[in-house]
Amino acid sequence: MDIASLAHEEANDQARTRRAVYRSTKTYDHNEGLSCCFRQWRAFESHCHLIHGYALAFRFVFATHELDERNWCMDFGGLKPIRAWLHDVFDHTLVVAKDDPHLADFEALALKGLASVRILPNVGCEATAQYVFDYVAGYVSQDTAGRVWLESVEVSEHGGNSAIYERP
Ligand SMILES: Nc1nc2c(c(=O)[nH]1)N=C([C@H](O)[C@H](O)COP(=O)(O)OP(=O)(O)OP(=O)(O)O)CN2
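A quick note: this is a predicted structure, and the numbers were derived from the prediction, not measured.

Undergrad: Account for the sheet that holds strand S8 (residues 161-166), with residues named and values stated.
TA: Strands sit in the order S1-S4-S7-S8 across an open sheet of 4 strands; the sheet is antiparallel. The open sheet has two edge strands, strand S1 (22-28) and S8, and neither has a second partner. Put simply, the sheet's adjacent strands are angled 15 degrees from each other on average, direction ignored. As paired elements, S1 and strand S4 (residues 57-64) share 7 bridges and run antiparallel to each other. Residue pairing in the sheet places lysine 26 in a bridge with phenylalanine 60 of S4.

Undergrad: How would you explain the sheet that holds strand S2 (residues 35-38) if you had to name every residue and give the values?
TA: With mixed pairing, the 4 strands of this open sheet are ordered in space as S3-S2-S5-S6. A strand with exactly one partner marks an edge of an open sheet, and here the two such strands are strand S3 (52-55) and strand S6 (117-120). Each adjacent strand pair in this sheet contributes to an overall mean axis angle of 30 degrees, direction not counted. For S2 and S3, the ladder comprises 4 bridges, and the chain directions are antiparallel. Bridging across to S3, serine 35 finds its partner in alanine 55. Running at roughly 150 degrees to S6, helix H3 (residues 103-111) makes contact with strand S5 (93-97) and S6 of the sheet.

Undergrad: Talk me through the site of the ligand; I want residue IDs and the actual numbers.
TA: Close to the ligand lie Gln40, Cys48, Gly124, Cys125, Glu126, Glu157, Gly160, Asn161 and Ala163. Elements represented by at least two residues in the shell around the ligand include exactly helix H4 (125-143) and S8. Looking at the shell around the ligand residue by residue, the class counts come to 3 nonpolar, 4 polar and 2 charged.

Undergrad: Got a sec to walk through the environment of glycine 160? Specific residues and values, please.
TA: With respect to the element layout, glycine 160 can be found in the loop between strand S7 (148-158) and S8. Taking the C-alpha atoms as reference points, glycine 160 and phenylalanine 38, 122 residues apart in sequence, are found 18 Å from one another.

Undergrad: Tell me about the nonpolar core, and please be specific about residues and values.
TA: Ranked by internal contacts, the top residues of the largest apolar core, which has 27 residues, are Phe58, Phe62, Val132, Val136, Val153 and Val155. For this core, the elements supplying multiple residues, two or more each, are S2, S4, helix H2 (80-90), S5, H4 and S7. Looking at this core element by element, the count peaks at 7 residues for H4. Setting aside chain neighbours within four positions, we find valine 153 in contact with Phe58, Phe60, Ala129, Val132, Phe133, Val136 and Tyr165.

Undergrad: I'd like to hear about unusual backbone geometry, residue by residue, with values.
TA: Of note in this structure, asparagine 71 is not a glycine but carries a positive phi near 70 degrees. Looking at the element boundaries, asparagine 71 is found in the loop between S4 and H2. By C-beta crowding, asparagine 71 is classed as exposed, having 7 other C-beta atoms within 10 Å. The backbone of alanine 145 sits at a positive phi, close to 55 degrees, despite the residue not being glycine. Relative to the helices and strands, alanine 145 is located in the loop between H4 and S7.

Undergrad: Hey, could you go over H4 for me, with residue numbers and the actual values?
TA: Taking 1.5 Å as the rise per residue, H4 with 19 residues should run 27 Å; its terminal C-alpha atoms sit 26 Å apart, in good agreement. Looking at H4, one finds that the buried residues are Cys125, Thr128, Ala129, Tyr131, Val132, Phe133, Val136 and Val140. For H4, the secondary structure elements touched by its buried residues are S4, H2, S6, S7 and S8. In the stretch just after H4, alanine 145 is the one whose phi turns positive, near 55 degrees.

Reading the values: the criteria
- Residues numbered from 1 in each chain as written.
- Predicted model: local features only at pLDDT ≥ 70, side-chain atom pairs only at ≥ 80, totals over all residues.
- Pairing = 2+ DSSP bridges.
- Helix = DSSP H or I, 4+ residues; strand = E, 2+ residues; numbered from the N terminus.
- Axes fitted to C-alpha atoms, helices over the stretch in contact; angles between N-to-C directions.
- Contact = placed C-beta atoms within 7 Å.
- Near = placed C-beta within 6 Å.
- Nonpolar A, V, L, I, M, F, W, Y, C, P; charged D, E, K, R; others polar.
- Core = buried A, V, L, I, M, F, W, Y, C linked by C-beta atoms within 7 Å.
- Buried ≥ 20, exposed ≤ 12 C-beta atoms within 10 Å, placed from the backbone.
- Expected span 1.5 Å × (residues − 1).

Structure, rendered in structure tokens:
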């Protein structure tokens with residue numbers, strides 16, 4: 001191979017390396033104990049406006065162009081603060097939307113010590129995925145000094161129902 005071809009090959013290799021993406025994932029599955037109740041007040045035509053609950057599961061996809069000094073994308077074990085936050089928001093809690101017409105009733109339940117109420121911008125798997133994404137994306141960016149970004153969050157009610165939020 002002549003010098004010009006070698007240089008061309010090397011440039012191609014560099015371009016491929018620059019574009020390469022490594023991904024790692026983290027899942028907190030239905031056995032994690034994120035036992036959460038909610039109601040979707042806007043789904044008034046279905047039983048989903050009634051309080052109901054699931055052992056929620058979360059799956060995160062992280063991505064990077066550069067592995068760290070250990071050859072890792074996102075440290076699997078470095079997400080304990082995220083796990084703790086998920087428990088705080090979704091374990092034995094009752095999630096209601098900030099615009100729920102019965103918000104005052106839920107707040108009264110909380111005041112009586114009958115429910116740990118968490119008020120979120122919106123309720124539902126898609127909205128929950130977005131809410132979690134916003135929090136975790138900020139954490140990951142800070143923790144890795146921008147090296148890693150969060151690609152998607154999947155929220156599952158059970159093996160059959162899930163929603164995914166991702167931001168390009
Ligand atoms: N895209 C979405 N669809 C629905 C959501 C949601 O968050 N995103 N949520 C609900 C309900 O709140 C409930 O969680 C699911 O109840 P249901 O519709 O009864 O679903 P099932 O899996 O129990 O239904 P099967 O027919 O037994 O499969 C509804 N939709």
